[in-house]
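Listed below are the residues making up each chain.
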Amino acid sequence: MRLEPLEKRSTFRMIALPVLALIFAMAICAVLVMLSGASPFQVFGLMVKGALGSRFAALETLTRATPLIFTGLAAAVAFRAKLWNIGAEAQLYIGAVMTVVMGTGLLPLPWPILWPVLMISAMLGGALVLSVPTFLKTRFGVDEVVTTLLLNFVALLFVSMLLEGVLKDPMGLGWPQSKKVLADAVLPRLVSGKRLHLGFVIAILAAVVVWIIDRRSALGYEMRAVGHNAKAAHFAGIPVNTVLAKTALLSGGLAGLAGWSEVTGLKGNLTLDLSPGFGYTGIVVAMLAMLHPLGVIASAIFVAAVFVGADAMSRTAGVPSYIAQVMVATSLLSMVSAIMLTRYRVRWR
Amino acid sequence: MEALDILFTASLWAAVIRIASPLIFGTLGELICERAGVLNLGIEGIMTAGAFAGWLTVYLGGGLWMGVAVAALAGAMFGLLHGTLVVPLGLSQHVTGIGVTLLSTSLCYYAYRLVFPEVTSPPKIEPFQPLSVPVLSDIPLLGPALFQQSPLTYLAFAMVVAVSWFLYRTPAGLAVRTVGENPAAAEAQGMNVTTIRILAVMAGSALMGVGGSFITLSAFNSFFFEMMNGRGWICIALVVFSAWHPGKALLGALLFGLFDAYQLRLQQLASAAVPYQVFLMMPYVLSIIALIVMSRRVAYPRALMVPYRKGER
């Protein structure tokens, strides 16, 4: 078996293959569902209903999509420049740490000033975390995949230390949690009585901003050039290391915003279970969107729907909700295969 | 000085070897993959799969060695998946590896919940018992450390020799190294680059699976979620530390084990003064430092992470 590059990518392939990939992923999950003795049609039906079937369910899906848009953008921005940031989880948590450090009483500011201050702090926190592996990559040639992965563990332990130490809420009955952020820091709900908050709108704005940077700015052009071929970019006079550093600031900052939005929009304080792997899931979100900033919005909503739907389904149908993770992972692998096949033809000899 | 006394306890050195054992398997496995030119970030998930598959086999009535074999098989299957996606298809090895980790981990958790829908405390098995080597195990300090270990630990040490011999003394090992250094030259020699790379990834992943099974069949006696705890990623750092040599991989795993065992004991000593999280962070920080220190002198396989397509340069 070998692959032959196609002269030009046909529109048919560009649409049919990704659709086939998703159908393939669903088929695998259907088999797994049958192993549990349930009917796949009923289970998928319950998942769709649980994710989109009511106003409450749909709003819950958008709430869950909010951090995923941020972490998905973080991965998309970095991967475009071939900076393999697998550490969005750490950057999210440090962004959240910065939010509670600055937002729980240190700066008693009115909201129009406090919001930007907290956003910038969170972005700086996340950016700083990614700057370390990026510096090690450009200066010493240390592979950033391993360092960003290892830093996820370091960051979580660091947060745990802070929550049992300096950031611990004295009124928290001994639980490892931070104080609540000031009322002026809290993001308003978009629908009263529901959990969807302004962070969702800001996430979409962030996607638009990233898209504009990507398409309209010199930095966006340079980032793509570095990602496409760093050597060629270097010969063309693009300062590769500077571009990578800027990419790291942007990517880490976006992941930091995910932490800010979860704290100020949803949870109110920082705990160790702030993120159930949003950083890792962001990678899947970015890949499903083919690294397109606006596509990230759609794929984040899709992935969030799978998770919210599976939670609702497992309560009624008794199929383990881990099927959501399996579904997301199989979608990722089949989707990256499909995207590759839009550019190549398979020859079976 | 109490902190120094720890170094002269047999229990410390026994723990060093115990902590190093799964890392030896994992590091050797990753080393074989990378020597063939394939980065395998599926390692964290593949070790989880080995831990789960091996443990479930024993729980369902299989023997312990049967569990180890099933763990190796499970590892090899995920290796086949990773290999197929990145070698002939040429997908990004980073993204695919993370995908394989997500897939195999979530499959294990799903399967665990299918088999045990409502358990509150994890079911237990009878794990490997330490095997004392007569006479040698009576040597003070080193005896209990080296010669009163789980049979899987002895297997880990044997694998270091076996993998060295394989890579440097057999034609198949030469083939693996060649496709990782210069696939075009390998092709010119009549080797099938695709097949050799896939087989190497499968073999390496089988070793990772066995490393995972050490955790559930020897170190503990049940399966928990998140029990790999980054060991796979640490193995990837150890491969760089080893400069892709099996002997140095053993050294790296032992150094890491020493550090980890020592910090655990120091933690009990200094828990009042220093938060315990600082000690727990150390293994990860140490891995990063090792990467920085080694980065200057490593000669990594030249075709690592470069997909090979016939006729393309």
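Along every chain, residues carry numbers that run from 1 in the direction the sequence is written. Chain letters start at A and ligand numbers start at 1, both assigned in the order the entries are written. Local features in this predicted model are restricted to residues whose pLDDT is 70 or higher, and side-chain atom pairs enter the listing and the counts only when it is 80 or higher, whereas totals over whole chains, interfaces and linings include all residues. By convention in this description, side-chain values take in all heavy atoms of the structure and omit both hydrogens and water.

1. Some points on the overall build of chain A
Selection rule: Secondary structure counts use DSSP, requiring at least four H or I residues in a row for a helix and at least two E residues in a row for a strand, with both numbered from the N terminus. Each radius of gyration reported is based on C-alpha atoms, and the globular scaling rule is 2.2 Å times the count of residues to the power 0.38. When accessible area is computed with a 1.4 Å probe and restricted to protein chains, residues below 20% of their type maximum are described as buried, those above 50% as exposed, and intermediate ones as partly exposed. Residues count as neighbours in contact if any of their non-hydrogen atoms are within 4.5 Å of one another. Note that accessible areas follow from Shrake-Rupley with a 1.4 Å probe, and for residues the cover is restricted to the protein chains shown.
A count of helical and extended segments in chain A gives 13 helices and two strands. Computed over the C-alpha atoms, the radius of gyration of chain A is 21 Å, within 12% of the 20 Å expected from 2.2 N^0.38 for a compact globule of 349 residues. Projecting the C-alpha coordinates of chain A onto the three principal axes gives extents of approximately 70 × 60 × 30 Å. Counting across all 349 residues of chain A, residues that qualify as buried make up 55%. Taking contacts inside chain A between residues at least 6 apart in sequence as the whole, the part at least 24 apart equals 76%. A total accessible area of about 15,100 Å² is found for chain A, and carbon and sulfur atoms account for 68% of it.

2. With respect to the nonpolar core
Applied cut-off: Buried residues of nine kinds, namely Ala, Val, Leu, Ile, Met, Phe, Trp, Tyr and Cys, make up a nonpolar core once their side-chain atoms join them within 4.5 Å.
Of all hydrophobic cores here, the largest spans 198 residues; its most connected members are F79(A), L270(A), F223(B) and W233(B). The contacts of W233(B), once residues within four sequence positions are left out, are V146(A), L149(A), L150(A), F153(A), L41(B), I43(B), E44(B), I98(B) and T101(B). Grouped together as the second largest cluster of nonpolar side chains are six residues, I6(B), V16(B), I19(B) and A261(B) included.

3. Topic: helix α13 (residues 323-341) of chain A
For an α-helix, 3.6 residues make a turn, and residues three or four places apart therefore share a direction. Which entries qualify depends on this criterion: Each helix should span, by expectation, one fewer than its residue count multiplied by 1.5 Å.
Along its 19 residues, α13(A) runs 27 Å from first to last C-alpha, staying within 8% of the 27 Å computed at 1.5 Å per residue. Counting buried residues along α13(A), 18 of its 19 residues qualify, which places the element largely inside the surrounding structure.

4. Points about the interface of chain B and chain A
Applicable threshold: Two parts placed together each lose some accessible area under a 1.4 Å probe, and the buried area is that loss summed for both. A pair is scored as a salt bridge if a Lys or Arg side-chain nitrogen falls within 4 Å of a carboxyl oxygen belonging to Asp or Glu. Identification of polar contacts relies on pairs of N or O atoms within 3.5 Å, with a donor-acceptor requirement for protein atoms, meaning one able to donate a hydrogen and the other able to accept it, and with residues adjacent in sequence counted only if both atoms are side-chain atoms. Residue type decides the class: Asp, Glu, Lys and Arg count as charged, Ala, Val, Leu, Ile, Met, Phe, Trp, Tyr, Cys and Pro as nonpolar, and the leftover types, Gly among them, as polar.
The interface of chain B with chain A comprises 46 residues on the first partner and 47 residues on the second. Taken over both partners, the interface formed by chain B and chain A buries close to 4,000 Å², and the fraction arising from carbon and sulfur atoms is 81%. Looking only at chain B, the three residues that lose the most surface to chain A are V95(B), Y110(B) and W233(B), adding up to 16% of its buried area. Joining chain B to chain A, the criterion identifies zero salt bridges. The interface formed by chain B and chain A holds five residue pairs in polar contact (both at pLDDT 80 or more) in total. At the level of elements, α4 (64-86), α5 (93-115), α11 (231-241) and α13 (276-295) of chain B are the ones that each hand at least two residues to the side of chain B that touches chain A. At 14 residues, α5(B) tops the list of elements feeding residues into the side of chain B that touches chain A. For the side of chain B that touches chain A, the residue count by class is 30 nonpolar, 11 polar and five charged.

5. Things to note about the state of the cysteines
Applicable threshold: Disulfides are defined as cysteine sulfur pairs within 2.5 Å.
Under the counting rule described, the total for this entry stands at zero disulfides over all chains. As a non-bridged cysteine, C29(A) has C108(B) as the owner of its nearest cysteine sulfur, 15 Å distant. Look at C29(A) and you get buried, because its relative accessible area is 0%. Of the cysteine sulfurs around C235(B), a residue in no disulfide, the closest is that of C33(B), at 11 Å.

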